[in-house]
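Below are the chains, spelled out letter by letter.
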Amino acid sequence: MILVVGGAGYIGSHTVKNMIANGYDVVVADNLSTGHKEAVLTADFELADLMDKDSLDKIFKKYKIDSVIHFAAFASVAESVKNPSKYYNNNVVGTLNLLNVMLDNNVKNIVFSSTAAVFGNPEYTPIDENHNTNPINPYGQSKLMIEKIFKDYRNAYGLNYIALRYFNASGCSLDGSLGESHNPETHLIPLVLKAIKGENDSIKIFGTDYDTPDGTCIRDFIHVEDLAEAHRLAIEKIADFSGVINLGTNKGTSVREIVKISEDITGKKCPVVLEGRRPGDPGILYTSNQKALDVLGWKPKLNMETIIKTAWDWELNKKY
Ligand code: UFG
């Protein structure tokens, strides 16, 4: 059985759906602080918090867990700068609790949500796994700390780990059952679609003076179902490989391009307001996916059009 911690969240819920569709038995543990119970669909569910080691231990005693996929983290860069304690406690201490309970119960396999934020400002693009790590905010630091802990736990205790560093997770499930529902929402694509829908007055474009062809930031948008598939492949490879893998499309799309594609797909105008740069935003961030192909046999299958179409469908027919 696979334990998915944080399986009621955005990427976690899509991964659980993928694992179940591929024949895995899954139990989700989530404290529902940002996740949605409705997103758990058919998996077993346990209400649990990483700060409570006893409740974690009970889950390992109740189910026969082979491997863990760990998504349960706070993930807002801006919030992490204002409130680092929340990030170091939940993301670092919480993960240590999970790792120690795993080892107490002789479970040694973990697939972990890491992030492009471990790199900081890129020295070259596309980024690859050999790029220096130099996070510029507590969120990225907290994830990098865990990557370092994994290394030491591997050497000392034989932990098998794969840390997947996501670039910009986006889109919603193709069948419309799952989607992105953050409160508050800070991500570009849902905010563009909310402006198009009229739920928000406009989209603010943060910075038009970057050294990019249209002056706006460039990001690597990767469909959440492709990310989900990478987690399943990682579980299948966990006995043979431990380390870090970047997950992206090897292609960047600018903020203005996202607005234009969204207008084309929805057939509606997006009201835009130009603003100054948002602190901490690198101009260009996209990744090679060669290692993901070499190690996992993973390649993204869903394109930008599918990302925007599925996100738009979800925006119009949200289930939660
Ligand atoms: N943007 C806007 N207006 C908005 C929101 C975003 O112009 O209202 C721009 C941002 O400035 C950025 C791009 O759109 O250039 C993407 O911003 P997001 O907030 O959607 O995503 P980020 O690239 O900032 O963050 C993502 C993940 C983080 C992760 C980070 C790694 O959400 O968890 O990538 O760099 F840490």
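Residues numbered from 1 in each chain as written. Predicted model: local features only at pLDDT ≥ 70, side-chain atom pairs only at ≥ 80, totals over all residues. Heavy atoms only, no water.

Digging into the state of the cysteines
What the rule picks out here adds up to 0 disulfides. Counting only cysteine sulfurs, Cys270 is the nearest neighbor of Cys172, a cysteine outside any disulfide, at a range of 17 Å. Here Cys270 is not cross-linked by a disulfide; its sulfur's nearest cysteine counterpart is in Cys217, at 16 Å. Here Cys270 falls in the buried class, since its relative accessible area comes to 5%. (Disulfide = S-S within 2.5 Å. Buried < 20%, exposed > 50% of the residue type's maximum accessible area, 1.4 Å probe, protein only.)

Some thoughts on the sheet that holds strand β5 (residues 109–115)
Taken in spatial order, the 7 strands make up an open sheet running β3-β2-β1-β4-β5-β6-β11, and their pairing is parallel. Both outer strands of the open sheet, β3 (44–47) and β11 (243–247), are each paired with one neighbouring strand and no more. Strand after strand, the sheet turns through a mean of 20 degrees between neighbouring axes, direction not considered. Bridge analysis of strand β1 (residues 2–5) against strand β2 (residues 26–30) gives 4 bridges, and the strand direction is parallel. (Pairing = 2+ DSSP bridges. Helix = DSSP H or I, 4+ residues; strand = E, 2+ residues; numbered from the N terminus. Axes fitted to C-alpha atoms, helices over the stretch in contact; angles between N-to-C directions.)

Remarks on the side chain of Asn18
Structurally, the position occupied by Asn18 is in helix α1 (residues 10–21). Exposure remark for Asn18: the relative accessible area of 13% places this residue in the buried category. Within polar-contact distance, the side chain of Asn18 engages the side chain of Arg232 at 3.2 Å. If we ignore the near neighbours within four places in the chain, the residues touching Asn18 are Ala228, Glu229 and Arg232. (Polar contact = N/O pair within 3.5 Å; in protein donor to acceptor, adjacent residues only side chain to side chain. Contact = heavy atoms within 4.5 Å.)

Quick notes on the packing of aromatic side chains
In this description, a pair of aromatic rings is defined by centroid distance and the angle of the planes. According to the stated counting rule, one finds 7 aromatic pairs in the structure shown. Here the aromatic rings of Phe112 and Phe150 are separated by 5.2 Å at their centres, their planes lie at 85 degrees, and the arrangement is edge-to-face. In this pair, Phe112 sits in strand β5 while Phe150 sits in helix α5 (residues 138–157), placing the two residues 38 residues apart along the sequence. Given a relative accessible area of 0%, Phe150 falls into the buried group. Ring centres of Phe150 and Tyr161 lie 5.1 Å apart, and the angle between their planes is 25 degrees; on these two criteria the pair is classed as stacked. Taken as a pair, Phe150 in helix α5 and Tyr161 in strand β6 (residues 160–166) lie far apart in primary sequence, 11 residues in all. Judged by relative accessible area, Tyr161 falls into the buried class, the value being 6%. Site record: aromatic cluster; members linked through ring pairs are Phe74, Tyr87 and Tyr139. (Phe/Tyr/Trp six-rings, centres within 6.5 Å; stacked < 30°, edge-to-face > 60°.)

Topic: helix α2 (residues 53–62)
For α2, every residue scored as buried is listed here: Ser55, Leu56, Ile59 and Phe60. Looking down the long axis of α2, one finds its buried residues gathered within 145 degrees of arc, a one-sided arrangement. Residues Asp54, Lys58, Lys61 and Lys62 are exposed on α2 and point more than 90 degrees away from its buried face. On its buried face, α2 is in contact with β1, β2, β3, β4 (67–70) and α4 (84–104). (Arc of directions from axis to C-beta.)

Side note on the site of the ligand
Around the ligand lies a shell of 21 residues, among which His187, Leu188, Lys204, Arg278 and Asp281 are the nearest. Between an oxygen atom of the ligand and a main-chain N or O atom of Phe206, the distance comes to 2.9 Å. The contact in question runs from an oxygen atom of the ligand to an N or O atom on the side chain of Arg278, over 2.7 Å. Taken by itself the ligand offers 690 Å² of open surface, and the protein chains cover 90% of this. Only α6 (188–197) and β8 (203–206) provide two or more residues apiece to the shell around the ligand. At 4 residues, β8 tops the list of elements feeding residues into the shell around the ligand. Its residues placed into classes, the shell around the ligand shows 13 nonpolar, 4 polar and 4 charged. (Near = heavy atom within 4 Å. Areas by Shrake-Rupley, 256 points an atom, 1.4 Å probe, with all protein chains shown as cover. Nonpolar A, V, L, I, M, F, W, Y, C, P; charged D, E, K, R; others polar.)

Let's talk about the nonpolar core
Among the nonpolar cores identified, the biggest contains 33 residues, and Leu164, Ile245, Leu247 and Leu296 are the most heavily contacted of them. Only β1, α1, β2, β6, α7 (224–237), β11 and α9 (290–296) provide two or more residues apiece to this core. If one sorts the elements of this core by residue count, α7 sits on top with 6 residues. Apart from the residues lying within four places of it in its own chain, the contact partners of Leu247 are Leu164, Arg165, Tyr166, Phe167, Ile222, Leu227, Ala230, Thr287, Ala292 and Trp298. Residues Phe60, Tyr63, Tyr153 and Leu159 belong to the second largest nonpolar core, which totals 29 residues. (Core = buried A, V, L, I, M, F, W, Y, C linked by side-chain atoms within 4.5 Å.)

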